[in-house]
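# Structural characterization, general
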Amino acid sequence: MRLQRAMGVLRRAGRLPRSEWVAHWRARPLESDTVLYEATFGAGLLDSPLAIFNHLVAAPDLAHLRHVWVVADDGRRQQAREHLSTLGLDDSRVRLVGYRTAAYFRHLATAGYLVNNSTFPAEFGKRPGQIYINTWHGTPLKAMGYDIPGGALGAANIIRNFLAADHLLSSGPYMTDTMYRRAYRLAGIAPGSVLEVGMPRTDVQVDTTDPERAAIRRRLRAYGVTLDPRRRLVLVAPTWRGEAFADPRLDAEDLLELVTCLQAELGEEWQVLVKAHPVVQAQTQALTGLEGMLVPADVPVNEVLAITDHLVTDYSSILFDALAGAGLPITFHVPDRELYERTRPLYLPAEDLPGRVCTTAHQTAADVLAGGERADVRHDWAARYAPFDDGQATQRVVDAIWRGTEPSVGRRVPLAERADGRRVPRILIHAGSLQRNGVTSSLIALLGQLDLDALDISLAWGPARDADPDAFAEAVDERVRLLPRVGAPGGSQRVLGFRHLLERLGADHPAVPVGALVRLLRDEWVRCFGSTQFDHVIDFGGYSPYWALLMSRGVAPGDVRTHSMWLHNDLAAEVASTAEHGSKRARHLEQVFSLYRRYDRLVSVSQSLARVNEQSLVRYAGGAQFRSARNVIDARRVRSLARVPLDDLGLAAEVVAALRDEATVSFVTAGRLTPTKNHARLVRAAAAARAAGHEVAVVIMGSGPLEEELRSLVGELGLERSVHLTGQVANPFPVIAAADYFALTSEHEGLPMVILEALALSTPVLTTAFSSVEGVVPPGCGIVVDRDDAAVGRAMMDLVSRRPEFSTLDVDAYNATALQEFAEAIGLGDTTRTPHEPRPTGHM
């Protein structure tokens, strides 16, 4: 009967969404004596997690620990059980669970210790009391993370895991500084520390006894690997190819050619084994010609190194592991050296590698026969890059973590401290939607002007329609840490539903349990950022209720000096305008208003806009202060992009001709085609100017819901040869620079970036008098007219007739003032911290 009930529970669990499993087990008590091990997404009992496991199960003083291994599939789990049985371990001490199963998420949520050589999935968020040890699977030779083009976005889940980790293992100072501090941008922010005591997985290679080697050979033979103890062993262990870890490639032709050549030229004295990189193991298994030579994925490569006489590799991190022990000769086989180094730069010059670098299979075979070269270099490399791989690394790790004994060999390196010892303000900014719009442009400009040596900046964002994170990442300085949200928030379906209530009803509605949402988002904060401590938190987007609550006071762990919300527009007017058209954006904005009292600073992008927003939104603010900080101008970037020839933008020929026609006065604008921007006003003004006999051309760059309506208007007014709708233009700056005037005919704005960018390009501005226009156009840099068609038309005709002279903006002076305003707005100079708990908002 009990079995039937259990089976019924399991069947029901199988029908539940994964988020329900996760939420259920995260609500259960921690099992502080349970250790969960995962190696390469459940590939088997491998790597440093295996070394730590072997040490723990053998330690009498740690016999109280229970052990759970993640093993991906049924076949590997059966092999793992057979291997454990040879060690005298059964299900009473060690449990095996499948990867991403209900049992997996149970132990991920409840185990007291978590040990991983790679990363846990997006659902993982470390709970209070859990201890996370990330052993990482290799010392890097090839560039990683931020050190490869576009690598920051691909490293998001790695950085998220590293920020959650309490202990990160390192082979020595080179790995600590190159990988953790620099490539993954952990220096000065990560709450955990590096145990720089060597890599436990290499212990098996040091002082290996003959019986131990014999046991390794027996295990390989049991897997079908052909081994002759009378023959010397050469191990071929290449890394993967391709431009992304998510899309790895095996160079099958080269691998087979190399193996065939080695077998032919080394003679009967040698035998060849192949160890594939885990991400291309399946591709390697599918090859014909490696029968009896391919080492299975669930046999630790370090055990194979312990019986190897010569290693042939390329740029794999296995070369650093091979430095442990008796000085294993290494030959580097890199037939694609030039291409590989161009796509994946090396941290260390190939010429300095501890072995000969060969580009053909024949060269490689000859070097193996010669016993390898550069033995003196291997010795130096071992001392420099693997100084603590001495056979005792596992002992030091277990002593430090489970016994509380600080290492006497090696050291502990706190990552929250910068390498230079300075403590600089840490700022977390929610970047908004990353759509191609003014908010994104203004953030890029701000990041381009901030002193990134004096500030530690992290950016967060979530997925959004029409977002362009790749273009954004390319536009910002590499010193800015990018933390895109990985996966989705956890929690039960019921609690997750509260988020939709917030977006529909706002925090002040009695049906919205803000307290439950805050508890959910505290978990979400830790899932995204670990227990990282920030001094200032900014919601720069300002339009998402979810992000507004996540960035607000009372969610982040620890003390935050200020929480600031950016107000990019006359928001009450924007709500009124967009609500007329049934926009979800208007509803979301109103719900964001209900969260304003959870902030310290509400920062508008001009003084006049701050006055407008304070007057209309003060009832929502609670104790939050209305401040202002003008958008800055990244003039260097804008001017650089403006130098791209018009012919290279993909514009229609008639658009380029209109911009180059000296007899025609050109007006350009850029922005989303929405009622708020009122591009129809500019079209009608152009019609009036044409009717009065003036040669004008209008270029409208952008896309949006009113595009077809605008095209129809252009046709009705007979302006097909004078008004050009280009659609979205990735680089609008050459067009703005080529135009005679930049025109903005909006109903309301904040401090439009397009105006600042036009002024940086010395293009005079014609703009309507939206409510916060005061101070937007410096005196002499353009003209401001009323918000009606006739006024815009008259101004256009006056500019065409008189062609007045305009001043240029002093960008440097403007930016200096704007940056000072930013610092004051978020309280960079303040030493006081705001209370952790917010003022009451909504219902608990």
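These remarks concern the structure in this document. (Residues numbered from 1 in each chain as written. Predicted model: local features only at pLDDT ≥ 70, side-chain atom pairs only at ≥ 80, totals over all residues. Heavy atoms only, no water.)

### Examining empty space enclosed by the protein
It is a probe the size of a water molecule, rolled over the atoms, that shows where empty space is left. Going by this rule: Only protein atoms enter the 1 Å grid used here. Points where a 1.4 Å probe fits but cannot escape make up a cavity, open sets with protein on both sides within 12 Å along at least five of seven lines make up a pocket, and a residue lines them when an atom lies within 4 Å of a point. Grid points are joined across faces, edges and corners, and a volume is the space filled by probe spheres set on the points. A run of H or I in DSSP becomes a helix once it reaches four residues, and a run of E becomes a strand once it reaches two; helices and strands are each numbered from the N terminus.
Counted by the stated rule, this structure contains eight cavities of 30 Å³ or more. Computed from the structure, the largest cavity encloses a volume of approximately 140 Å³. Lining the largest cavity are 14 residues, with P238, R241, D254, L255 and D314 sitting closest to its centre. For the lining of the largest cavity, the elements supplying multiple residues, two or more each, are β8 (232-237), α10 (252-266) and β10 (310-313). No other element matches the three residues that α10 contributes to the lining of the largest cavity.

### Re α10
Condition: For a helix, the expected span equals 1.5 Å multiplied by the residue count minus one. Here the term buried applies to any residue with accessible area under 20% of the maximum for its type, exposed to any over 50%, and partly exposed to those in between, with areas from a 1.4 Å probe on protein chains only. Directions drawn from the helix axis to the C-beta atoms are what define this arc. We call two residues in contact when some of their heavy atoms are within 4.5 Å.
For α10, spanning 15 residues, the distance from its first C-alpha to its last is 21 Å, which sits close to the expected 21 Å at 1.5 Å a residue. The set of residues buried in α10 consists of D254, L255, L258, V259, C261, L262 and L266. Seen along its axis, α10 keeps its buried residues to an arc of 165°; they face one direction. Among the exposed residues of α10, those pointing more than 90 degrees away from its buried face are E253 and A264. Residues of α10 that are buried in the fold lie against β8, β9 (270-274), α11 (281-285), β10, β11 (330-333) and α15 (361-369). Count one or two residues on from α10 and you reach G267, which has phi positive near 85°.

### Observations regarding unusual backbone geometry
Among all residues save glycine, negative phi is the norm, and among peptide bonds the norm is trans. Positive phi outside glycine occurs at W136, with the angle close to 45°. The topology assignment puts W136 in the loop between β5 (131-134) and α6 (151-154). Of note, the phi angle at D207 is positive, near 55°, even though the residue is not glycine. Here D207 is to be found in the loop between β7 (193-196) and α9 (210-222).

### Some words on the sheet that holds β9
In any sheet, the strands associate via hydrogen bonds between backbone groups, in a parallel or an antiparallel arrangement. Selection rule: Here a strand pair is declared whenever DSSP counts at least two bridges between the two strands.
Reading across the sheet, the five strands line up as β9-β8-β10-β11-β12 and stay open at both edges, with parallel pairing between neighbours. In this open sheet, the two edge strands, each paired with only one partner strand, are β9 and β12 (357-358). Sheet topology places β8 next to β9; five bridges connect them, and they run parallel. Bridge pairing in β9 places V234 opposite V272.

### Notes on the environment of S19
Operational definition: Under the rule applied, a polar contact is a pair of N or O atoms within 3.5 Å (in protein, one hydrogen donor and one hydrogen acceptor; residues adjacent in sequence only if both atoms are side-chain atoms).
Tracing the chain through its elements places S19 in helix α2 (residues 18-26). Residues S19 and A400, 381 residues apart in the sequence, show an inter-C-alpha distance of 34 Å. Excluding its chain neighbours within four sequence positions, the residues that come into contact with S19 are G491, Q493 and L496. Here the side chain of S19 touches Q493 through a polar contact of 2.6 Å, side chain to side chain.

### Let's talk about the nonpolar core
The line we're drawing: Take the buried Ala, Val, Leu, Ile, Met, Phe, Trp, Tyr and Cys residues and link them wherever side-chain atoms come within 4.5 Å; each set so joined is a nonpolar core.
Ranked by size, the top nonpolar core spans 230 residues in total, and within it Y184, W402 and F472 carry the most contacts. Sort the elements by how many residues they give to this core and helix α21 (residues 514-529) lands first, with nine residues. Non-local contacts of Y184, meaning those with residues more than four positions away in its chain, are made with W136, M144, G145, Y146, A155, I158, I159, F162 and M179. With 30 residues, the next largest nonpolar core counts I700, Y741, V785 and V792 among its residues.

### Overview of the sheet that holds strand β18 (residues 562-567)
What counts, and what does not: For helices, the fitted line uses only the C-alpha atoms of the stretch in contact; every axis is such a line through C-alpha atoms, and the angle between N-to-C directions lies from 0 to 180 degrees.
In space, the seven strands of this open sheet follow the order β16-β15-β14-β17-β18-β19-β20, with parallel pairing throughout. This sheet does not close on itself; its edge strands, each paired only once, are β16 (481-484) and β20 (625-628). On average, adjacent strands in this sheet sit at an angle of 25° to one another, irrespective of strand direction. In the sheet, strand β14 (residues 426-430) pairs with strand β17 (residues 536-539) via four bridges, with the strands oriented parallel. Pairing of I427 across the sheet is with H536, part of β17.

### Re helix α3 (residues 47-58)
Because the α-helix completes a turn every 3.6 residues, residues three or four places apart line up on one side. End to end, α3 covers 17 Å across twelve residues, agreeing with the expected 16 Å (1.5 Å per residue, within 8%). Across the twelve residues that make up α3, a large majority, nine, are buried.

### A short note on the pattern of salt bridges
Under the convention used in this document: Salt bridge, as used here, is a side-chain nitrogen of Lys or Arg placed within 4 Å of a carboxyl oxygen of Asp or Glu.
For the structure on display, the rule yields 43 salt bridges. Between R77 and D74 there is a salt bridge; the shortest N-O distance is 2.4 Å. Taken together, the residues R77 and D74, both in helix α4 (residues 74-86) and three residues apart, mark about one turn of the helix. Exposure remark for R77: the relative accessible area of 13% places this residue in the buried category. Using a relative accessible area of 58% as the deciding quantity, one classes D74 as exposed. The residue E749 makes a salt bridge to K677 at a minimum N-O spacing of 2.6 Å.

From the geometry alone we can't say anything about function, so treat these as descriptive.
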